[in-house]
Amino acid sequence: MPSPEQLREQLATAGLRATQQRVAILAALRTLPGHPTAEQVFRQVRPANPTVSLGTVYKALDSFVAAGLLRRVADADGTRRRYDPDCTNHHHLVCQNTQEIIDYCDPQLDRLLQEFFAARGFENFQPHSYSLHITGVRSEA
């Protein structure tokens, strides 16, 4: 887990003011497992920061997304925003039963996608990144 000073530096590098509330919200994102919702971040931050509102958390998360510190990810039915602190190229497998979002990396799939887009030559569009969002049901193992 990054120190508060490292979190302040990440925010400053991203062009954001490193307020105490933003540092606390970013710290919560780095400690919560998986792809948390704003409500989960709020519940994590609130005990030590009683003046933080859910609206503040949403605004901070939106600013983190805009600054490239997070990605926004939809859940299986698309009704809730979830947040991914891993901004590297990867895909998501989403279980419709549990709403779990699983990160999935596959260089062969990435090459296939790059080749697909290169072969299609979309007019007036050059893809820079991509992320597949695959919904299904995780089998019990």
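So, a few notes on the structure that sits alongside this text. (Residues numbered from 1 in each chain as written. Predicted model: local features only at pLDDT ≥ 70, side-chain atom pairs only at ≥ 80, totals over all residues. Heavy atoms only, no water.)

**Comments concerning unusual backbone geometry**
- Here the phi dihedral of Gln 99 falls at roughly 70 degrees; this positive angle occurs in a residue that is not glycine.
- Its location among the elements puts Gln 99 in the loop between strand S3 (91-95) and strand S4 (101-104). (Helix = DSSP H or I, 4+ residues; strand = E, 2+ residues; numbered from the N terminus.)

**Some words on the sheet that holds S4**
- Pairing is mixed across the open sheet formed by three strands, whose spatial order is S4-S3-S5. Each edge of the open sheet carries a strand with a single partner, namely S4 and strand S5 (133-136). Neighbour-to-neighbour, the strand axes of this sheet turn through a mean angle of 25 degrees, independent of strand direction.
- Bridge count for S3 against S5 is four bridges, and the pairing is parallel. Opposite His 92, over in S5, you have His 133 as the bridge partner. (Pairing = 2+ DSSP bridges. Axes fitted to C-alpha atoms, helices over the stretch in contact; angles between N-to-C directions.)

**Some points on the pattern of salt bridges**
- According to the stated counting rule, one finds four salt bridges in the structure shown.
- For Arg 8, the salt bridge is made with Glu 5, and the minimal N-O distance between the two is 3.4 Å. Here Arg 8 pairs with Glu 5, and both are found in helix H1 (residues 4-13), just three residues apart, close to one helical turn.
- The exposure class assigned to Glu 5 is partly exposed, which follows from its relative accessible area of 48%. (Salt bridge = Lys/Arg side-chain N within 4 Å of Asp/Glu carboxyl O. Buried < 20%, exposed > 50% of the residue type's maximum accessible area, 1.4 Å probe, protein only.)

**A short note on the packing of aromatic side chains**
- Overall, the coordinates contain one aromatic pair when judged by the stated rule.
- Measuring from ring centre to ring centre gives 5.3 Å for Phe 116 and Phe 117, while their planes differ by 85 degrees; the resulting arrangement is edge-to-face. (Phe/Tyr/Trp six-rings, centres within 6.5 Å; stacked < 30°, edge-to-face > 60°.)

**So, the packing of H1 against helix H2 (residues 20-31)**
- Viewed as axis vectors pointing N to C, H1 and H2 meet at an angle of 105 degrees, and their least axial separation amounts to 10 Å. In terms of orientation, H1 lies roughly perpendicular with respect to H2. Between H1, through Pro 4, Leu 7, Arg 8, Gln 10 and Leu 11, and H2, the contact on the second element is made entirely by Arg 22, Val 23, Leu 26, Ala 27 and Arg 30. (Parallel < 35°, antiparallel > 145°, perpendicular 65-115°, else oblique. Contact = heavy atoms within 4.5 Å.)

**Quick look at the pairing of strand S1 (residues 71-74)**
- Residues Arg 71 and Val 73 point to one face of S1 and are all buried, whereas Arg 72 and Ala 74, pointing to the other face, are not buried.
- Here four bridges tie S1 to strand S2 (residues 81-84), and the two strands are oriented antiparallel to one another. Note on S2: the bridge partner recorded for Ala 74 is Arg 81.

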